[in-house]
Amino acid sequence: MTSLLQSAKRIVVKIGSALLVDSNTGAVKARWLATLIDDLEKAKARGADIIVVSSGAIALGRRSLGLPAGKLRLEESQAAAAVGQIALAQSWSEALATRKIVAAQVLVTLADTEERRRHLNARATLSTLLAQGAVPVINENDTVATSEIRYGDNDRLAARVASMMSADCLVLLSDIDGLYTAPPEKPGSTFVPLVKEITAEIEAMAGKTISGLGVGGMITKIEAGKIALSAGCNMVIASGHQDHPVRRIMDGERCTWFVAPLSALQSRKRWIAGTLQPVGCLVVDDGAQSALGRGKSLLPAGVKQVTGNFSRGDTVSVVNLEGQEIARGLVAYDYSDAARIAGLKSADIEKAIGFRGRDEIIHRDDLVMINGER
Ligand code: GLU
């Protein structure tokens with residue numbers, strides 16, 4: 001299983017508050033963080049993209065505001081997050097800078113990962129950061145997220161990010177080393193090293209384990225597993241208590257692996273193909289049809305006609321000149337812009353619509369052929 005991490009091209013690592021923030025001093029555990037960053041730098045050096053999802057804003061901020069120990073009211077935790085997020089981002093930025101890695105703070109709300117248009121924007125920004133070699137450090141925008149539009153836990157947030165970014169491995173560093181058949185202190189409870197499918201039995205094992213600083217527990221980790229697995233992303237729950245927590249996973253330390261049945265790209269394509277009702281249609285010429293057959297993206301030049309009323313990110317059908325649906329994909333332009341750029345070379349997109357959008361009207365990764373996936 002360790003090879004799933006060793007060979008991963010894009011890794012999301014989630015760090016719980018209890019690992020990062022010292023419960024006695026209320027400060028970041030800088031020495032431990034340095035060992036984690038050493039691991040992340042090594043993964044980066046072999047070519048993997050790294051995305052961090054870091055908790056800890058509330059845990060860091062509560063002390064500065066003089067808030068009491070124990071459970072905070074929503075407004076109190078939002079206020080604490082506003083204070084603590086500054087320190088959290090600074091700790092990551094300084095720690096990564098010691099390895100000459102640029103940190104980028106990204107604060108997201110539920111809608112940024114759930115709503116199609118915002119999802120695409122967040123994905124584009126994160127992709128740009130990764131392409132530039134930066135490490136995005138993501139947290140929920142706790143201060144503005146009200147209870148209805150909140151994740152509340154970074155386990156599910158990290159899984160959504162992994163799915164949005166087509167990551168192939170999600171690492172949940174926690175204060176527990178993995179999943180047990182019952183609470184670990186219970187006699188007869190045994191460790192579960194591998195999960196291939198999240199069944200009702202697995203969910204029942206999660207029970208309720210809430211640690212002092214975090215909000216996650218095993219239930220949200222199992223929820224994260226469902227999101228990750230259905231997006232084709234493998235997930236591992238491992239203890240982050242020791243130094244070099246990621247290296248330890250690679251060295252085979254005990255942890256629970258959740259293995260996805262399909263790859264991220266296969267899952268994404270299956271999801272696109274399964275859209276019940278495409279909301280628009282692009283008619284393409286013979287040249288574009290054969291290019292798609294060879295595994296290329298769809299460029300505006302090959303589009304003859306655009307119909308429907310769609311927005312960027314919606315699923316549309318790609319139809320040939322005989323009227324047969326040959327592919328389905330997520331379109332990169334709103335209807336009005338798509339209609340304007342149909343037939344044009346990519347270099348002329350800006351002149352036609354006033355901004356420089358993507359070169360492709362449907363990117364290859366967002367496109368699935370109807371007869372046989374490519
Ligand atoms: N977003 C919260 C924070 O940074 C943490 C949520 C969690 O622990 O999962 O404090």
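A brief structural summary. (Residues numbered from 1 in each chain as written. Predicted model: local features only at pLDDT ≥ 70, side-chain atom pairs only at ≥ 80, totals over all residues. Heavy atoms only, no water.)

Pairing is mixed in the open sheet, where 5 strands are placed in the order S12-S11-S13-S14-S15. In the strand order of this sheet, the two ends are held by strand S12 (303-308) and strand S15 (367-369), each with one partner. For this sheet the average axis-to-axis angle between neighbouring strands, irrespective of direction, equals 20 degrees. The pairing of strand S14 (residues 325-330) with S15 spans 3 bridges and is classified as antiparallel. Of the residues in S15, the one forming a bridge with Gly 329 is Leu 367. Packed onto the sheet, helix H12 (residues 264-273) meets strand S13 (315-319), S14 and S15 and runs at close to 115 degrees relative to S14. (Pairing = 2+ DSSP bridges. Helix = DSSP H or I, 4+ residues; strand = E, 2+ residues; numbered from the N terminus. Axes fitted to C-alpha atoms, helices over the stretch in contact; angles between N-to-C directions. Contact = heavy atoms within 4.5 Å.)

Okay, H12 next. Along H12, the residues classified as buried are Ala 264, Ser 267, Arg 268, Lys 269 and Ile 272. Considering only its buried residues, H12 is in contact with helix H7 (116-131), helix H10 (217-230), S13, S14 and S15. (Buried < 20%, exposed > 50% of the residue type's maximum accessible area, 1.4 Å probe, protein only.)

What follows concerns the sheet that holds strand S3 (residues 103-108). In spatial order, the strands read S3-S4-S2-S1-S5-S9-S10-S8; together these 8 strands make up an open sheet with mixed pairing. The sheet is open, and its two borders are formed by S3 and strand S8 (194-195), each paired with just one other strand. Strand direction decides the pairing type here: strand S5 (residues 169-174) and strand S9 (residues 234-239), joined by 6 bridges, are parallel. Within the sheet, the bridge partner assigned to Cys 169 lies in S9 and is Asn 234.

One can find Ser 77 in helix H5 (residues 74-97). Its relative accessible area of 10% is what places Ser 77 among the buried residues. When near neighbours in sequence (up to four residues on either side) are disregarded, Ser 77 contacts Ile 58 and Leu 72.

Here we take up the nonpolar core. Counting 41 residues, the largest nonpolar core has Val 12, Ile 138, Leu 170, Leu 179, Ile 222, Met 235 and Phe 258 as the members making the most contacts within it. Membership of the second largest hydrophobic core comes to 39 residues, among which are Leu 19, Leu 33, Leu 60 and Val 137. (Core = buried A, V, L, I, M, F, W, Y, C linked by side-chain atoms within 4.5 Å.)

Taken together, the neighbourhood of the ligand is formed by 11 residues, with Ala 57, Ile 58, Asn 139, Asp 142 and Asn 154 sitting nearest. Interatomic distance of 3.1 Å between a backbone N/O atom of Gly 56 and an oxygen atom of the ligand. Contact distances for the ligand include 3.0 Å between an oxygen atom and a backbone N or O atom of Ala 57. Compared with its free state, where it exposes 300 Å², the ligand has 96% of that area covered by protein. Residues of the shell around the ligand, tallied by class, amount to 3 nonpolar, 6 polar and 2 charged. (Near = heavy atom within 4 Å. Polar contact = N/O pair within 3.5 Å; in protein donor to acceptor, adjacent residues only side chain to side chain. Areas by Shrake-Rupley, 256 points an atom, 1.4 Å probe, with all protein chains shown as cover. Nonpolar A, V, L, I, M, F, W, Y, C, P; charged D, E, K, R; others polar.)

Further remarks concern the packing of helix H3 (residues 30-45) against H5. Working note: a packed helix pair is described by the angle between its axes plus the distance between those axes. At their nearest, the axes of H3 and H5 sit 10 Å apart, and the two run at 55 degrees to each other. On the basis of the axis angle, H3 is oblique to H5. Note that H3 runs across H5; the crossing there is right-handed. Judged by residue contacts, Leu 33, Leu 36 and Ile 37 of H3 engage Ser 91, Trp 92, Ala 95 and Leu 96 from H5. The residue makeup of the contact of H3 with H5, split by class, is 6 nonpolar, 1 polar and no charged. (Parallel < 35°, antiparallel > 145°, perpendicular 65-115°, else oblique. Left-handed = near helix turned anticlockwise from the far one by under 90°.)

One can find Glu 115 in the loop between helix H6 (110-114) and H7. On the basis of relative accessible area, Glu 115 is assigned to the partly exposed category, the value being 41%. Between the C-alpha atom of Glu 115 and that of Gly 295, which follows or precedes it by 180 residues, the distance is 28 Å.

Bringing the pairing of S13 into the picture now. Burial analysis of S13 places 5 of its 5 residues in the buried class, which makes it a mostly covered element. With burial as the criterion, each face of S13 is covered, one bearing Thr 315, Ser 317 and Val 319 and the other bearing Val 316 and Val 318. Across 3 bridges, strand S11 (residues 280-284) lies against S13 in parallel orientation. Among the inter-strand pairings, Leu 282 is bridged to a residue of S13, identified as Val 318. One ladder, built from 5 bridges, connects S13 with S14; its direction is antiparallel. Across the sheet, the residue bridging to Val 318 is Ala 327, located in S14.

A few words on the pattern of salt bridges. Inspection of the entire model under this criterion finds 21 salt bridges. Linking Arg 99 and Asp 38 is a salt bridge whose minimum nitrogen-to-oxygen distance equals 2.8 Å. One end of the pair, Arg 99, is in the loop between H5 and S3; the other, Asp 38, is in helix H3, with 61 residues separating them in the sequence. For Asp 177, the salt bridge goes to Arg 254, with nearest N and O atoms at 3.4 Å. One end of the pair, Asp 177, is in the loop between S5 and strand S6 (179-180); the other, Arg 254, is in the loop between helix H11 (245-250) and strand S10 (256-258), and 77 residues separate them in sequence. The class for Asp 177 is buried, based on a relative accessible area of 19%. (Salt bridge = Lys/Arg side-chain N within 4 Å of Asp/Glu carboxyl O.)

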